[in-house]
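Below are the chains, spelled out letter by letter.
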Amino acid sequence: MEAECVVADDAEELFDASETFKKSALLSSREQYAALYKNSVDDPDGFWSHTASQFFWKSKWEESKAHTENLDVRKGEIRVEWFKGGCTNICYNAVDRHVEAGRGDDVALLWEGNDPGFDMKLTYKELLDRVCQLSNYLLAVGIKKGDTVAIYMPMLLELPIAMLACARIGAVHSVVFAGFSAESLAQRILDCKPKVLLTTSGVKRGPKLIKLKEIVDDALNRCVQEGGHSVDYCLTYDNKLAIKREDTPWKEKRDVWWQDVVPNYPTDCPVEWVDAEDPLFLLYTSGSTGKPKGVLHTTGGYMVYTATTFKHAFDYHDGDVYWCTADCGWITGHSYVTYGPLLNKATVLIFEGVPNYPDAGRCWEIVDKYHVTIFYTAPTAIRALMRSGDEPVKRHSRKSLRVLGSVGEPINPSAWRWYFEVVGDSRCPIADTWWQTETGGFMITPLPGCWPLKPGSATLPFFGVQPAVVDENGKELDGECTGFLCMKASWPGIFRSLYGDHARYETTYFAPFKGFYFSGDGCRRDKDGYYWLTGRVDDVINVSGHRIGTAEVESALVAHPLAAEAAVVGIDHEVKGQGIYAFVTLNEGVEYTADLKSSLISTVRCQIGAFAAPDAIHWAPGLPKTRSGKIMRRILRKIASKQLDDLGDISTLADPGVVAQLIEFTEK
Ligand code: WT7
């Protein structure tokens, strides 16, 4: 692991919100925040019990004991519980509660299709009806509390509906991003063995048609062949705008058209009251070894945490129209497309398409069309749009915008400024939210209007979050410092385990620095207490805000029949943040050709998904290894970024000669 110090790319500037903004903000000074923050860490049980009481609980947890935890591997099993004994339902709180309060006619979901001109909307009452019908279908096919249901769908209204329908009956959803390949989908299905898979015939993303059901059939065949698992039902949404029924591969009995069955079920369905600690969902994420990790979140703490972070980090007010460009296949879509906003009764815009289709002005056209007030996206999208210049932005008014958000990777100060000045007309604070699949919700984030922003810094911890910056020996550092970012205590949204592998949960996150949760990120804390995230310190690459394990890409590459060995490192990439640079050794006697490079890249697309395709393949007659056989990635990173004068000590290599060979192959 290496920690890096990152300095702002020019002199540090402070950006404070306007007086007008502050006047109507939920919180408007650092002092106000400091008092609440102090209370949240001095008395977490009191603070979070009070926060949780705004939701509906069928029965309460023991008030004085909202949580118990052990984050120290030396003291036994790692265990976190929040609101245990309390009974609730997140779907009830996100939907029914608002309908019962007389707000059923308010718009819950707005949908904008891939192609301009196609749109839809659902009020809270309509959403409730749709959710209930699907819950009833799931019950009818035998899904019970605690069963897993896999979801492989694009950004249709049916995706959040599917998540809520599972939650309503206590089923555990496992959403797989619809950009994953058949092999990745199969791997995830085989890990959690759902009886039902919810999917879609196909979808258009930009100008491209993606035949999702073909990928699903391939995945389900692999599940039978590789793991002897078959799903009972594959409920398929007929996406007429993309592909015809006749063109969709079909297996009678197993496959069912959504529209043929779901609307026939009643629009009311009783809620399954669950314990706060009953599982809500699994979401697979990449780690430093090949096998994806099934991050397990439970109900009560996740509900309270996503709702509260959403409200404060975006200064949410009744009437806001909120748009997050993330896909529900990632944690951002779980916490901040579906649960957090709906728990606040927000109007949420769901966009099926991509930011630059049909042109670079699409996002701002949508902002104006729906009068979006809060816009949340990723630095990679900002950088991509920035390349098309200011005109596509300025062509649209964007007057409705009030708050902007950023997530997924550190935002470079120049992209931050463009986002602030051009997109937000220097009027909208930017919430640069640092968090992870594992944390469930925002951890370090500005609260707009509360304190001045510094471009590139996620600023200060959210209520109840206690960061610790530690050195390589796990010693907590004080004041201004650089090190590894850990957490000293639990917060309600933290994941409770890795599905089926609690031991891996403990060794990955709690064993590296005893007594702490380790995030895997490096960071710097400045003189004002602001945090500056500097990226992953483990073998994980962040490509366009997507987490990809180097080991996953390596094992996909060596699945190619002509590849003998592979080593993958991240390199700086202008738009994607990081790109994937792969060193590949071929089998004895195989010729190194350009065709073979393309074939290796398509192997990775097939094994993982297009988003994990390497940006460069570097032929490697040999890889730099220590005498014990460990690949020295430090050297590979230098070669990949062409820092050839600065390779460091190579004398510990088993064969220092490979370095010269690799440099020679740079040109091939
Ligand atoms: C990793 C988590 C959490 C939603 C999206 C990604 C990086 C995320 C920021 C940010 C700097 C960030 C970290 C983190 N990251 N947001 N605002 N500033 N880095 O979720 O796939 O679980 O990835 O993304 O490296 O560890 P994820």
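If you're wondering where the values come from, they're calculated on a predicted model, not measured in any experiment. (Residues numbered from 1 in each chain as written. Predicted model: local features only at pLDDT ≥ 70, side-chain atom pairs only at ≥ 80, totals over all residues. Heavy atoms only, no water.)

As a further point, take the packing of helix H13 (residues 379-386) against helix H15 (residues 413-423). Two elements in contact, H13 and H15, have axes whose closest approach is 10 Å; the angle formed by their N-to-C orientations is 75°. By the criterion of interaxial angle, the relationship of H13 to H15 is roughly perpendicular. Taking contact as the criterion, the partners of Ile382, Arg383, Leu385 and Met386 in H13 are, on H15, Ser414, Ala415, Trp418 and Tyr419. Its residues assigned to classes, the contact of H13 with H15 comprises 6 nonpolar, 1 polar and 1 charged. (Axes fitted to C-alpha atoms, helices over the stretch in contact; angles between N-to-C directions. Helix = DSSP H or I, 4+ residues; strand = E, 2+ residues; numbered from the N terminus. Parallel < 35°, antiparallel > 145°, perpendicular 65-115°, else oblique. Contact = heavy atoms within 4.5 Å. Nonpolar A, V, L, I, M, F, W, Y, C, P; charged D, E, K, R; others polar.)

Our focus in this paragraph is helix H20 (residues 657-664). Within the sequence span of H20, burial applies to Val658, Val659 and Leu662. Considered in projection along H20, the buried side chains sweep an arc of 105° and stay on one side of the axis. Exposed residues on H20 whose side chains face more than 90 degrees from its buried face are Ala660 and Glu664. For H20, the secondary structure elements touched by its buried residues are strand E29 (577-586), strand E30 (616-619) and helix H19 (633-640). (Buried < 20%, exposed > 50% of the residue type's maximum accessible area, 1.4 Å probe, protein only. Arc of directions from axis to C-beta.)

Okay, the domain arrangement of the protein next. Looking at the protein, the domain boundaries give domain 1 (20-87 + 434-535), domain 2 (89-354) and domain 3 (544-667). Domain 1 and domain 3 are separated by 36 Å when their C-alpha centres are compared. (Domains from an automatic or database assignment.)

What follows is about the site of the ligand. In the vicinity of the ligand, 17 residues are found, and the nearest of them are Asp432, Thr433, Thr437, Asp521 and Arg547. The side chain of aspartate 521 places a nitrogen or oxygen atom 2.9 Å from an oxygen atom of the ligand. Here an oxygen atom of the ligand sits 2.8 Å away from a polar atom, N or O, in the side chain of arginine 547. Sorting the residues of the shell around the ligand by element identifies helix H11 (331-343) and strand E25 (531-536) as the ones contributing at least two each. Across the shell around the ligand, the residue classes break down as 6 nonpolar, 6 polar and 5 charged. (Near = heavy atom within 4 Å. Polar contact = N/O pair within 3.5 Å; in protein donor to acceptor, adjacent residues only side chain to side chain.)

Among the structural elements, histidine 618 can be located in strand E30. In this structure, histidine 618 is in contact with Tyr581, Ala582, Phe583, Val584, Ile639, Leu662, Phe665 and Thr666, ignoring residues within four places of it in sequence.

A separate point is the packing of aromatic side chains. In the structure shown here, the tally under the stated rule is 57 aromatic pairs. Seen in terms of ring centroids, phenylalanine 314 and tyrosine 322 are 5.5 Å apart; in terms of plane orientation they differ by 45°. Their pairing is tilted. Each member of the pair, phenylalanine 314 together with tyrosine 322, is buried. Counting every residue linked through ring pairs, the aromatic cluster contains Tyr33, Tyr37, Phe47, Trp48, Tyr305, Trp451, Phe462 and Phe463. (Phe/Tyr/Trp six-rings, centres within 6.5 Å; stacked < 30°, edge-to-face > 60°.)

So, about the nonpolar core. Formed by 125 residues in total, the largest nonpolar core has its most connected members in Phe83, Leu127, Leu134, Leu138, Ile151 and Leu198. Two domains each provide a minimum of three residues to this core, namely domain 1 (20-87 + 434-535) and domain 2 (89-354). Those residues in contact with isoleucine 151, other than ones at most four positions away along the chain, are Leu159, Ala162, Met163, Cys166, His173, Ser174, Val175, Val176, Leu197 and Leu198. Ala150, Leu197, Ala566 and Trp619 belong to the second largest nonpolar core, which has 43 residues in total. (Core = buried A, V, L, I, M, F, W, Y, C linked by side-chain atoms within 4.5 Å.)

With an omega of -5°, the peptide bond running from tyrosine 357 to proline 358 counts as cis. Considering the arrangement of structural elements, one finds proline 358 in the loop between strand E17 (347-351) and helix H12 (362-370). Backbone geometry places serine 426, a non-glycine residue, at a positive phi of 55°. Here serine 426 is to be found in the loop between H15 and strand E20 (430-432). In this structure serine 426 comes out as partly exposed when scored by relative accessible area, which is 45%.

What follows deals with the UniProt feature "domain: AMP-binding enzyme C-terminal" (unreviewed entry) in the protein. The UniProt record marks residues 552-630 with the feature "domain: AMP-binding enzyme C-terminal" (unreviewed entry), using the residue numbering of this structure. The span residues 552-630 carries 27% helix and 32% strand; its end-to-end C-alpha distance comes to 17 Å. (UniProt positions renumbered as here; feature names shortened; annotations may be inferred.)

Quick look at the pattern of salt bridges now. The final tally for this structure, using the stated rule, is 49 salt bridges. Salt-bridge contacts for aspartate 72 lead to lysine 75; the nearest nitrogen and oxygen are separated by 4.0 Å. According to the relative accessible area criterion, aspartate 72 is buried, its value standing at 9%. Look at lysine 75 and you get exposed, because its relative accessible area is 67%. For glutamate 112, the salt bridge is made with lysine 369, and the minimal N-O distance between the two is 2.8 Å. Of the two residues, glutamate 112 is situated in strand E4 (residues 107-112) and lysine 369 in helix H12; the sequence distance between them amounts to 257 residues. The class for glutamate 112 is buried, based on a relative accessible area of 2%. Lysine 369 sits in the partly exposed class, given a relative accessible area of 38%. It is possible to trace a salt-bridge network through shared partners that takes in Arg103, Asp106, Asp318 and Lys345. (Salt bridge = Lys/Arg side-chain N within 4 Å of Asp/Glu carboxyl O.)

Right, let's talk about the sheet that holds strand E19 (residues 403-406) for a bit. Pairing within the open sheet is mixed, and its 7 strands lie in the order E5-E4-E17-E16-E18-E19-E20. Edge positions in the sheet fall to strand E5 (119-123) and E20, since each has one partner strand and no second. Ignoring strand direction, the axes of neighbouring strands in this sheet form an average angle of 20°. (Pairing = 2+ DSSP bridges.)

Turning to helix H3 (residues 44-52), its buried residues are Asp45, Phe47, Trp48, Ser49, Thr51 and Ala52. Buried-residue contacts for H3 involve helix H2 (30-42), strand E1 (67-70), strand E2 (79-82) and helix H10 (300-313).

Further remarks concern the pairing of strand E22 (residues 481-487). Among the 7 residues in E22, 6 count as buried, and that is most of the element. The sheet contact formed by strand E21 (residues 467-470) and E22 spans 4 bridges and is antiparallel. Counterpart to alanine 468 in the pairing with E22 is cysteine 486. In terms of strand pairing, E22 meets strand E24 (residues 517-525) through 6 bridges, oriented antiparallel.

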